[in-house]
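The primary structure of each chain is shown beneath.
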Amino acid sequence: MKILVTGGAGFIGGNFVHYLIDRHPEDEVICVDCLTYAGNMDTLADVADNARFSFHKIDITDEKAIDALFSSVKPDIVVNFAAESHVDRSIENPGAFLKTNILGVQVLMDACRKYGVGRYHQVSTDEVYGDLPLDRPDLMFTEETPLHTSSPYSASKASADLLVSAYFRTYGLPVTISRCSNNYGPYHFPEKLIPLMIINALHDKPLPVYGKGENVRDWLYVEDHCSAIDLIIRNGKPGEVYNVGGHNEKKNIDIVKTIVRKLGKSEDLITYVKDRAGHDLRYAINPEKIHRELGWLPATSFEVGIEKTIRWYLDNKAWWEKIISGEYRDYYKKMYENR
Ligand code: NAD
Ligand code: DAU
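Residues numbered from 1 in each chain as written. Chains lettered and ligands numbered in written order. Predicted model: local features only at pLDDT ≥ 70, side-chain atom pairs only at ≥ 80, totals over all residues. Heavy atoms only, no water.

J.: Give a detailed account of the overall build of the protein chain, specifying residues and quantitative values.
T.: In terms of helices and strands, the protein chain carries 12 helices and 13 strands. In summary, the protein chain has a C-alpha radius of gyration of 19 Å against a globular reference of 20 Å for 339 residues, a match within 12%. With the principal axes as the frame, the protein chain shows a C-alpha extent of 55 × 45 × 35 Å. With 339 residues in all, the protein chain has 55% of them scored as buried. Total accessible area on the protein chain is roughly 14400 Å²; 49% of this is exposed by carbon and sulfur atoms. Between the mean site of the 40 positive side-chain charges and the mean site of the 48 negative ones, the protein chain shows a separation of 2 Å. (Helix = DSSP H or I, 4+ residues; strand = E, 2+ residues; numbered from the N terminus. Rg over C-alpha atoms; globule rule 2.2 N^0.38 Å. Buried < 20%, exposed > 50% of the residue type's maximum accessible area, 1.4 Å probe, protein only. Areas by Shrake-Rupley, 256 points an atom, 1.4 Å probe, with all protein chains shown as cover. Lys, Arg positive; Asp, Glu negative; His and termini not counted. Charge placed at Lys NZ, Arg CZ, Asp CG, Glu CD.)

J.: Would you mind going over the side chain of threonine 300 in detail, with residue names and values included?
T.: In this fold, threonine 300 is placed in the loop between α9 (288–294) and α10 (302–315). In this structure threonine 300 comes out as buried when scored by relative accessible area, which is 15%. With near-sequence residues (within four places) excluded, threonine 300 lies in contact with Tyr221, Asp224 and Gly305. (Contact = heavy atoms within 4.5 Å.)

J.: So what's going on with the sheet that holds strand β5 (residues 119–125)? Residues and values would help.
T.: Sheet strands pair via backbone hydrogen bonds, and the direction of the pair is either parallel or antiparallel. The 7 strands lie next to each other as β3-β2-β1-β4-β5-β6-β11, forming an open sheet whose pairing is parallel. Looking at the sheet topology across the chains shown, the edges are occupied by β3 (53–57) and β11 (241–244). The sheet shows a mean angle of 20 degrees between the axes of neighbouring strands, taken without regard to direction. As judged from the 6 bridges shared by β5 and strand β6 (residues 175–180), these two strands associate in the parallel manner. Bridging across to β6, serine 124 finds its partner in arginine 179. (Pairing = 2+ DSSP bridges. Axes fitted to C-alpha atoms, helices over the stretch in contact; angles between N-to-C directions.)

Purely geometric numbers; function is a separate question.
Shown next, in the form of structure tokens:
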């Protein structure tokens, strides 16, 4: 099969490209990415010369370029990871999020309709459900939880989900949507909590924890997200939404303390800083549907996953040193200097 993966030079898309190349020798992977600040060809270096892989530097909002690619490639399946993905950046500059995360989805789905693509898969997020209270551990997001968003990022992702469902109902486009919790693992861009804390700790720099660090996220090792999407695109039912998560809720402060301990650093590095505006309190996914209907279960526990992740950042310094020595320095200064 020909699988077109958008956003494949990013964190999860890059892991998914590796996953497909490694586990599906029968598939061809066509990667589309416009290489924003978050896109990185180094992430794809291992597969760049593989005969079953091709890369196309295209913006998913560029209707003409997308049409030309679909016309020449004729993909069987499209998996859309391409997005502006960082909540803090969406608070600074919502426009880029609305353009890529909503209009880009429309462009891709119109191309899918025109060229008779067999499946359009939208990689969505648990953030479309809003947040849960900290004092109700019994509550979790199911696929029926109403959409109720907090940030421009999550609002853009929820808008896309509504559009995807509308294309199923109105045009009969065979779509699926996955809503996953927080991922962690190799190739995670340094602006996000876990890589930021690992890299700062390695440099003995302050570890900026927003608010009191009491906010809870439900962490999943990225390869488990890849295996869930792989099952959904092959066996999932068109028109359906699947929640993806591994019942691994942790307070931010506990994540940071784990990293500090594993790197043999001092907790004195932890610095409480101004909270994120509109900061979601808690996410928790109920993944029963994907388990029941598709037999999916995560394979990597948090204890193993965080060890592997820290080891990857220690062994792949060249990957992230290049990033943090570039324009990322200006971003970091702007977001953290007077926080
Ligand atoms: P990322 O920011 O690491 O990567 C995004 C990729 O998309 C980059 O390579 C970037 O260059 C590319 N891109 C951005 N705009 C584009 C455009 N207009 N045209 C083409 N390419 C474009 O993001 P990520 O963390 O890998 O997230 C991937 C997807 O998964 C996103 O849709 C995100 O909403 C969703 N998601 C992420 C998480 C998480 O924890 N990271 C969890 C659930 C869902
Ligand atoms: O839940 C899925 C979502 O997870 C995805 O849809 C998003 O694309 C992805 O970025 C992620 O969103 P979060 O906002 O949860 O991730 P982030 O790593 O930015 O932050 C995780 C938590 O850590 C959050 O409560 C904010 C806090 N935080 C983050 C940073 C960067 C800090 O305390 N300090 C920091 O410096």
